[in-house]
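Now for the letters of each chain:
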Amino acid sequence: MTSESERERQCQYEFNPGVWERTAETGNTLDTSELNADGTWRCHRAADGNSGYCRFHTPLAERDWEPSETVAALRDAICGKSGGNDNNSDNDGKRDRRRSKQFIGATFVSLDLRHETLAARDNYPIDLRHVTIEEGADLRKATLENPLQFDGAICNGDFECSTIRAQQSVTVADAHIGGDLRAGDARFGDRVSISDTVVRGDLSLPDATFSGRAVCRGVEVGRGIDAPGARFADDALFDRVTAIEESSFSNASFQGEAFFSGATFAGGLNWWNVTVAGPTRFGGATIRQEAMFQDGTFEDVVRLTNVTVPSRAVFAQTTFADRLLLTGLECDADACLVDLSGAVLSGGRLETTDSLTYDLSGAEVGPIEWGTGSDSETGGAAVTERNSDTENRTEPVPLSLSQFIIENTHFDGFDFRDRTVRSALESSGWRLHEWNHENESGCGGDERQLSPETLESTYLKAKHGAKAVGDSKAAGEFFRHEMRYRRDGHAKRAREVGWSRSRIVDSGKWVANAVFGAVAGHGERPGRVVLTAAGIVAGFALLYAALWPGSPPYGGAVGYLMFSLESFVTLVLGGSVPVERTAVRLAAQVQAFVGAFLIALFVFTLTRSIQR
């Protein structure tokens, strides 16, 4: 029991949660179990002098000592150099040791703990809840061996804790920091939690290391989050954060989950060269001005669902080893380009809208789905596993290949037989390269004029991708386009200034390619061979009618057609009609050669079409 004289010597400071919430910038973080019967918390320390308050709660106007003396008293209290009576019972001793580290509602002019080591003989937290720091805090090079609580606190200046070494948990909830919160090159050995806190300046975490779970939830940052080179050994949760200026996590690494759902980056987000081992989630996030995810590596599923993106979102040269789910994206501009050039897409889903274009030039596209938001089972929400029950699934909205930039794209396991993709290919005439230039140029890009060589290579790679999955039909159609642009390449080189042997060779190749394409669709259209053969038979029949001496063969005009057909199907002239005129015999032999060639070509194209 506390005697009357002890009460008189006790600090008179009382923390009233109701008064605090009405007058301060933060809410109450004390639990009801910590409050007295009257709903307040009372300081347990002895009063200092005649002020009626301890050194930490004495009003600033009444203090006749230097701010450094208050900090020294805090250090001594934490390290066990004052307070606590080892002769008390175990329960009283534990209570005293816990209380010795409680500074609830304390006021500091400044908090300078540079190079200090705060180590107690117990594991009770350093309790700085609801403290007020008038100028700022500096904990550079400090070492904290006990947990730290900074809930509901107010720091009117910068909170500098760069190069700090915090061995146990750090909690900052419902706090207010009037300047920057800096923790560059800091080392946190346990969980760090910053929630529902206002940081008026930058939240700066360059090269910081978080060995435990890092939580930054509901934090309002007046400028930007700057965390280049930061290392997160466990889950990192930055959900519902708001940053006004550009934020950067370039060169950061996440060994656990990277959770940024509901976050708002009004000044842009830089995730250049980031590595994430666990799942990545940006559900419902808003990214404006810039979204840079270039050269990253994501080893687990990446979900960007219902995310608002700027006019250009860059994922170039990024590796997605698992699924990439870009669904329900909303453009923050009239048109948006999602740059996946050179990326590795191992699976997932890309959903399109009229204002959204995906750049897949040079990318490696695996078994990933293409579609519109309306043909997703989740209606644009996060896509997880495909439901085997498809009875209630609506008919898919047609996909337009104009929303995809396909240039030298490598297809590795991509299913061209998917009904949505197949329908789009057939609607476009199996043309992969005619994208929406308005979307591209509206995003700051220039309309691309692809060379015949680039187009030939594009369709060659598409053909190989279709063959690899056993889609002979798609492989054949891509082969036709490959041959077409090879012909255009020959024509371009044949028109070059100056005569050379290579120009003559290219001219010959152009003629051969053009003839092969017209007659047989480059081996993919047996019907064209039949039509060509019929034209040859009819044309030579007219020629025979002009050259034939005397009366027509077989006693009538139809005889010319019969003679032409005989000549077409045989190499040796020797039918029932004698032919004496040399010109007719020569024409018949030429027709026989052409007929043999077309018959062989028909067998070849028919065999290919059956195989397809």
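As annotated in an unreviewed UniProt entry, the protein chain carries the name Pentapeptide repeat-containing protein and is attributed to Natrialba hulunbeirensis JCM 10989.

Novice: Sorry, what's going on with the overall build of the protein chain here?
Specialist: Within the protein chain, the regular secondary structure consists of 12 helices and 51 strands. Counting across all 612 residues of the protein chain, residues that qualify as buried make up 49%. About 27,500 Å² of surface is accessible on the protein chain, with carbon and sulfur atoms providing 49% of the total.

Novice: Can you walk me through the sheet that holds strand 49 (residues 368–372) in this structure?
Specialist: What links the strands of a sheet is backbone hydrogen bonding, and the strands pair in either a parallel or an antiparallel sense. One open sheet holds the 12 strands; their spatial order is 6-10-14-18-22-26-30-34-38-42-46-49, and the pairing between them is parallel. Edge positions in the sheet fall to strand 6 (126–127) and strand 49, since each of these pairs with one other strand and no more. Alignment of strand 10 (residues 148–149) against strand 14 (residues 170–173), held across two bridges, turns out to be parallel. Pairing of Gln149 across the sheet is with Thr171, part of strand 14.

Novice: Sorry, what's going on with a nonpolar patch on the surface here?
Specialist: Taken together, the side chains of Tyr554, Val558, Leu561 and Met562 define a hydrophobic patch exposed on the protein surface, amounting to about 350 Å² of accessible area. With respect to the element layout, Tyr554 can be found in the loop between helix 10 (526–547) and helix 11 (558–569). Here Tyr554 falls in the partly exposed class, since its relative accessible area comes to 32%.

Novice: Where do I start with the side chain of Ser195 in this structure?
Specialist: Tracing the backbone through its elements, the reader meets Ser195 in strand 18 (residues 192–195). Overall, Ser195 belongs to the buried group, its relative accessible area being 16%. For Ser195, the residues in contact, after removing those within four places along its chain, are Val172, Ala173, Asp174, Arg217 and Val219.

Novice: What's the story with empty space enclosed by the protein in this structure? I'm lost.
Specialist: Left-over empty space is what a probe sized like a water molecule reveals as it rolls over the atoms. Using the criterion set out here, one finds two cavities of 30 Å³ or more in the structure. Its boundaries defined by the atoms lining it, the largest cavity holds a volume of some 270 Å³. Lining the largest cavity are 24 residues, with Val170, Leu181, Phe188, Val192 and Ile194 sitting closest to its centre. Elements with a minimum of two residues in the lining of the largest cavity: strand 14, strand 18 and strand 22 (214–217). Per-element accounting of the lining of the largest cavity gives the leading share, three residues, to strand 22. Taken as a whole, the second largest cavity encloses approximately 60 Å³ of empty space. Leu74, Ile78, Leu111, Leu113, Leu118, Ile126, Leu128, Leu139, Leu144, Leu148 and Phe159 together form the lining of the second largest cavity. Looking at the lining of the second largest cavity residue by residue, the class counts come to 11 nonpolar, no polar and no charged.

Novice: Whenever I open this one, the side chain of Asp235 confuses me. Can you help?
Specialist: Tracing the backbone through its elements, the reader meets Asp235 in the loop between strand 25 (231–232) and strand 26 (236–237). Among residues more than four places away in sequence, those in contact with Asp235 are Gly212, Arg213, Ala214, Gly256 and Glu257.

Novice: Looking at this structure, how should I read helix 11?
Specialist: Since the α-helix advances by 3.6 residues per turn, residues separated by three or four positions end up pointing in the same direction. Spanning 12 residues, helix 11 covers 17 Å between terminal C-alpha atoms, matching the ideal 16 Å at 1.5 Å per step. Those residues of helix 11 not exposed but buried are Gly559, Tyr560, Phe563, Ser564, Ser567 and Phe568.

Novice: Could you clarify how one ought to interpret the environment of Gln12 in this entry?
Specialist: Considering the arrangement of structural elements, one finds Gln12 in the loop between helix 1 (4–9) and strand 1 (14–15). When the C-alpha atoms of Gln12 and Ala47 are compared, they prove to be 7.4 Å apart, with 35 residues separating the residues in sequence. Here the side chain of Gln12 touches Gln10 through a polar contact of 2.7 Å, landing on its backbone oxygen.

Novice: Is there a simple way to explain the UniProt feature "transmembrane region" (unreviewed entry) in the protein chain in this structure?
Specialist: When the UniProt feature table is mapped onto this chain numbering, "transmembrane region" (unreviewed entry) sits at residues 529–548, 554–574 and 586–606. Helix makes up 95% of residues 529–548 and strand 0%, whereas the separation of the span's terminal C-alpha atoms amounts to 28 Å. Split by type, residues 586–606 is 100% helix and 0% strand. Its first and last C-alpha atoms lie 30 Å apart.

Novice: How should helix 9 (residues 501–520) be read in this particular structure?
Specialist: With 20 residues, helix 9 ought to run about 28 Å at 1.5 Å a step, and its terminal C-alpha atoms sit 29 Å apart, in line with that. By the burial criterion, the buried members of helix 9 are Arg503, Asp506, Asn513, Gly517, Val519 and Ala520. Positive phi appears at Gly521, one or two residues downstream of helix 9, with a value of about 55°.

Novice: So what exactly am I meant to see when it comes to the environment of Val198 here?
Specialist: With respect to the helices and strands, the residue Val198 is situated in strand 19 (residues 198–199). In contact with Val198, other than residues within four places in its own chain, are Ala175, His176, Ile177 and Glu220.

Novice: Looking at this structure, I do not really get the packing of helix 8 (residues 472–494) against helix 9. What am I missing?
Specialist: The angle between the axes and the distance between the axes are what describe a pair of packed helices. Where helix 8 contacts helix 9, the two axes come as close as 8 Å, and the packing angle between them is 150°. In terms of their interaxial angle, helix 8 and helix 9 are classed as roughly antiparallel. Regarding helix 8 and helix 9, the two cross each other, and that crossing is left-handed. Between helix 8 and helix 9, the residues in contact are Met483, Arg486, Arg487, His490, Ala491, Arg493 and Ala494 and Arg503, Asp506, Ser507, Lys509, Trp510, Asn513 and Ala514, respectively. Tallied by class, the residues present in the contact of helix 8 with helix 9 amount to five nonpolar, three polar and six charged.

Novice: Explanation requested: unusual backbone geometry in the structure shown.
Specialist: If a residue is not glycine, its phi is most likely negative; likewise, a peptide bond is most likely trans. A positive phi angle, close to 60°, is found at Thr163, a residue other than glycine. Locating Thr163 in the fold gives a position in the loop between strand 12 (159–160) and strand 13 (165–166). Owing to a relative accessible area of 18%, Thr163 belongs among the buried residues under this scheme.

Novice: In this structure, what is going on with the packing of aromatic side chains? I would like to understand it.
Specialist: Aromatic ring pairs are described here by two measures, namely the spacing of the ring centres and the angle between the planes. Scanning the model with the defined rule gives 39 aromatic pairs in all. Ring geometry for Phe150 versus Phe159: centroids 5.0 Å apart, planes at 65°, classification edge-to-face. By the burial criterion, Phe150 is buried, and Phe159 matches it. A ring pair is formed by Phe540 and Tyr544, whose centres lie 6.1 Å apart and whose planes are at 50°; its orientation type is tilted. Residue Phe540 and its partner Tyr544 are located together in helix 10, separated by four residues, close to a single helical turn. Classification of Phe540 by relative accessible area gives buried; the value is 14%. On the accessibility criterion, Tyr544 (0% relative accessible area) is buried. Above the plane of the ring of Trp65 lies Arg55, whose end atom (NZ or CZ) is 4.4 Å from the centre.

Novice: What exactly am I supposed to notice about the pattern of salt bridges here?
Specialist: Side-chain pairs of opposite charge can arise where the charged atoms are in close proximity. As enumerated under the stated definition, the model contains 34 salt bridges in all. With a shortest N-O distance of 3.1 Å, Arg75 and Glu116 are connected by a salt bridge. Residue Arg75 is located in helix 3 (residues 67–78), and its partner Glu116 is located in the loop between strand 4 (111–112) and strand 5 (117–118); the two are separated by 41 residues in the primary sequence. For Arg75, a relative accessible area of 22% gives the class partly exposed. Residues joined by salt bridges that share partners form a network here, namely Asp112, Arg114, Asp138 and Arg140.

The rules behind these values
Residues numbered from 1 in each chain as written. Predicted model: local features only at pLDDT ≥ 70, side-chain atom pairs only at ≥ 80, totals over all residues. Heavy atoms only, no water. Helix = DSSP H or I, 4+ residues; strand = E, 2+ residues; numbered from the N terminus. Buried < 20%, exposed > 50% of the residue type's maximum accessible area, 1.4 Å probe, protein only. Areas by Shrake-Rupley, 256 points an atom, 1.4 Å probe, with all protein chains shown as cover. Pairing = 2+ DSSP bridges. Patch = residues over 30% accessible without salt bridge, like charges linked within 9 Å, V, L, I, M, F, W, Y side chains within 5 Å. Salt bridge = Lys/Arg side-chain N within 4 Å of Asp/Glu carboxyl O. Contact = heavy atoms within 4.5 Å. 1 Å grid on protein atoms, 1.4 Å probe; cavity = no way out; pocket = protein on both sides within 12 Å on 5 of 7 lines; lining within 4 Å. Points joined across faces, edges and corners; volume = space filled by probe spheres on them. Nonpolar A, V, L, I, M, F, W, Y, C, P; charged D, E, K, R; others polar. Expected span 1.5 Å × (residues − 1). Polar contact = N/O pair within 3.5 Å; in protein donor to acceptor, adjacent residues only side chain to side chain. UniProt positions renumbered as here; feature names shortened; annotations may be inferred. Axes fitted to C-alpha atoms, helices over the stretch in contact; angles between N-to-C directions. Parallel < 35°, antiparallel > 145°, perpendicular 65-115°, else oblique. Left-handed = near helix turned anticlockwise from the far one by under 90°. Phe/Tyr/Trp six-rings, centres within 6.5 Å; stacked < 30°, edge-to-face > 60°. Lys NZ or Arg CZ within 6 Å of the ring centre and 35° of its normal.

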